[in-house]
Amino acid sequence: MPLRPGRPVLHRHFTHETLVWAPLTRVVSDDEQGTRLWLATGSPLIREVTVAGDGPRDMPFADWIDTPKKIIQDVYRGPHCLKFNPRGAAYSVWWLFDPSLTFRAWYVNLEEPSVTWEDGELAGIDLTDQDLDIWVWPDRRWGWKDEDELEERLAFPDAYWVPDPDAVWAQGRAIVPAIEAGAWPFDGTWTDFRPPAGWTIPDPVTEGWDRPRERG
């Protein structure tokens, strides 16, 4: 069954079977084309940090692997974001908006194909981020992002969650022609998106967020 518009959904990111990042979003649409989610600045966020409160980008990956960690309830402080997960695709495309809801950029997030689940009052979308990303500006200039993280972490294959970096790079390169041509989804569609006026920030999820990862 499709997820109904407006429903809160946990967008859960895993490394192997470990939950590391899960903002609470709302469903914009869910159909044969894919799933659109709205992530508003200030939304509840569950994330993994060290016992001291540091994130994975606060230290070399070699140190992160061996540092004790915990899960905390936090708040998403990034830009407003419309996320589109094409059905079965190994990437998602994000439309980034500033506080006035002016469109600022696209962001291509390379990731394992996501899996949707529904469990009573709780629903989620589970995936693994593959680190490499693409920035796309409104004039279709673009650039790779986090290729240094991908390279650094590949040196630790027993701990890293990206088994085939060549496939990740190939998926990214396959998207570039659409960017440069201004083709879907970089043709201006949804750059004027506005969430419904009645939508508020969802309440934090305090139970069930730690259910086992769903796999297709």
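What you see is a predicted model; the values in this text were computed from it and never measured. One numbering rule holds for all chains: residues counted from 1, following each sequence as written. pLDDT decides what is reported in this predicted model: residues at 70 or higher carry local features, side-chain atom pairs at 80 or more are listed and counted, and totals for whole chains, interfaces and linings draw on all residues regardless. Each side-chain value is derived from all of the structure's non-hydrogen atoms; neither hydrogens nor water enter the calculation.

## A few points about helix α3 (residues 165-181)
Comment: elements are numbered from the N terminus, with helices defined as DSSP H or I runs of at least four residues and strands as E runs of at least two. What a helix should span is 1.5 Å times the count of its residues minus one. Look at α3: 26 Å from first C-alpha to last across 17 residues, which is about the 24 Å you get at 1.5 Å a residue. Looking at the residues trailing α3, positive phi occurs at G182, about 65°.

## Some thoughts on the pattern of salt bridges
Criterion for a salt bridge: a side-chain nitrogen of Lys or Arg within 4 Å of a carboxyl oxygen of Asp or Glu. Applying the stated criterion to the full structure yields 16 salt bridges. The salt bridge involving E149 is made with R57; its shortest N-O contact spans 2.6 Å. Of this pair, E149 sits in helix α2 (residues 147-153) while R57 sits in the loop between β4 (44-50) and α1 (61-66), and the two are 92 residues apart along the sequence. The cut-offs for exposure are 20% and 50% of the maximum accessible area for each residue type, with area from a 1.4 Å probe on protein chains only; residues under the lower value are buried, those over the upper are exposed, and the others partly exposed. Taking the relative accessible area as the measure of exposure, E149 reaches 11% and is therefore buried. According to the relative accessible area criterion, R57 is exposed, its value standing at 57%. With its nearest N and O atoms 2.8 Å apart, the salt bridge here joins R141 to D139. Via salt bridges that share partners, R57, D131, K145, D146, E149 and R153 belong to a single interconnected network.

## Some details on the layout of surface pockets
Cavity: a set of points on a 1 Å grid over the protein atoms alone where a 1.4 Å probe fits but cannot get out. Pocket: an open set with protein on both sides within 12 Å along at least five of seven lines, its lining residues, like those of a cavity, having an atom within 4 Å of a point. Grid points are joined across faces, edges and corners, and a volume is the space filled by probe spheres set on the points. Considering only enclosed or pocket space, the largest pocket measures out at about 1200 Å³ in volume. Considering the residues around the largest pocket, the lining is formed by 43 residues, among which H13, W21, P56, R57 and D129 are closest to the centre. The residue inventory of the lining of the largest pocket, partitioned by class, reads 19 nonpolar, eight polar and 16 charged. Classification used: nonpolar for Ala, Val, Leu, Ile, Met, Phe, Trp, Tyr, Cys and Pro, charged for Asp, Glu, Lys and Arg, polar for all others including Gly.

## What about the side chain of H80?
Tracing the chain through its elements places H80 in strand β6 (residues 80-86). Judged by its relative accessible area of 15%, H80 falls in the buried class. In terms of polar contacts, H80 uses its side chain to reach the backbone amide nitrogen of T41, at 3.1 Å. A contact between two residues is defined here by any heavy atoms of the two lying within 4.5 Å. Ignoring anything within four residues of it in the chain, the contact list for H80 reads W38, L39, A40, T41, W95, L96, F97, D98, P99 and L101. Nitrogen and oxygen atoms within 3.5 Å of one another constitute a polar contact, given that in protein one can donate a hydrogen and the other can accept it, and given that sequence-neighbouring residues count only through two side-chain atoms.

## Re the UniProt feature "domain: DUF402" (unreviewed entry) in the chain
UniProt positions are given in the numbering used here, feature names are shortened, and annotations may be inferred rather than shown by experiment. According to UniProt, the positions carrying the feature "domain: DUF402" (unreviewed entry) are residues 53-182. Spanning residues 53-182, this segment combines 23% helix with 41% strand, and its end C-alpha atoms are found 41 Å apart.

## Side note on the packing of aromatic side chains
Stacked, tilted and edge-to-face are the three classes applied to pairs of Phe, Tyr and Trp rings, where Trp contributes its six-membered ring and a pair requires centres within 6.5 Å; stacked means planes under 30 degrees apart, edge-to-face means over 60, and tilted covers the rest. Applying the stated criterion across every chain yields a total of 19 aromatic pairs. Consider the rings of W184 and W190, whose centres lie 5.1 Å apart with planes at 80°: the pair is edge-to-face. Owing to a relative accessible area of 35%, W184 belongs among the partly exposed residues under this scheme. Given the relative accessible area of 16%, W190 is considered buried. Each member of the aromatic cluster is reached from another via a ring pair, and the members are W38, F97, F103, W106, F186 and F193. Two thresholds decide whether a charge sits over a ring: the Lys NZ or Arg CZ must be within 6 Å of the ring centre and within 35 degrees of the ring normal. Between the NZ or CZ atom of K69 and the centre of the ring of W64, over which it lies, the distance is 4.8 Å. The ring of W117 is capped by R211, whose NZ or CZ atom sits 4.2 Å from the centre of that ring.

## A short note on the nonpolar core
With 29 residues, the main nonpolar core has W38, L82, W95, F97 and F186 as its most contacted residues. Taken together, the elements giving at least two residues each to this core come down to α1, β6, β7 (91-97), β8 (103-111), β11 (129-136) and α3. Here this core gets four residues from one element, more than from any other, and that element is β8. Ignoring any residue separated from it by four or fewer positions in sequence, one finds F97 in contact with W38, P79, H80, L82, T102, F103, W190, T191, F193 and R194. Among buried residues, those of type Ala, Val, Leu, Ile, Met, Phe, Trp, Tyr and Cys that are joined through side-chain atoms within 4.5 Å constitute a nonpolar core. Counting residues in hydrophobic clusters, the runner-up holds 10 residues, among them L19, W117, L122 and V205.

## What about the environment of T116?
Counting through the fold element by element, T116 comes out in strand β9 (residues 115-119). Among the residues examined, T116 registers a relative accessible area of 35% and is labelled partly exposed. Taking the C-alpha atoms as reference points, T116 and T18, separated by 98 residues in sequence, lie 17 Å from one another. Not counting residues up to four positions away in its chain, the partners in contact with T116 are L3, G124 and I125.

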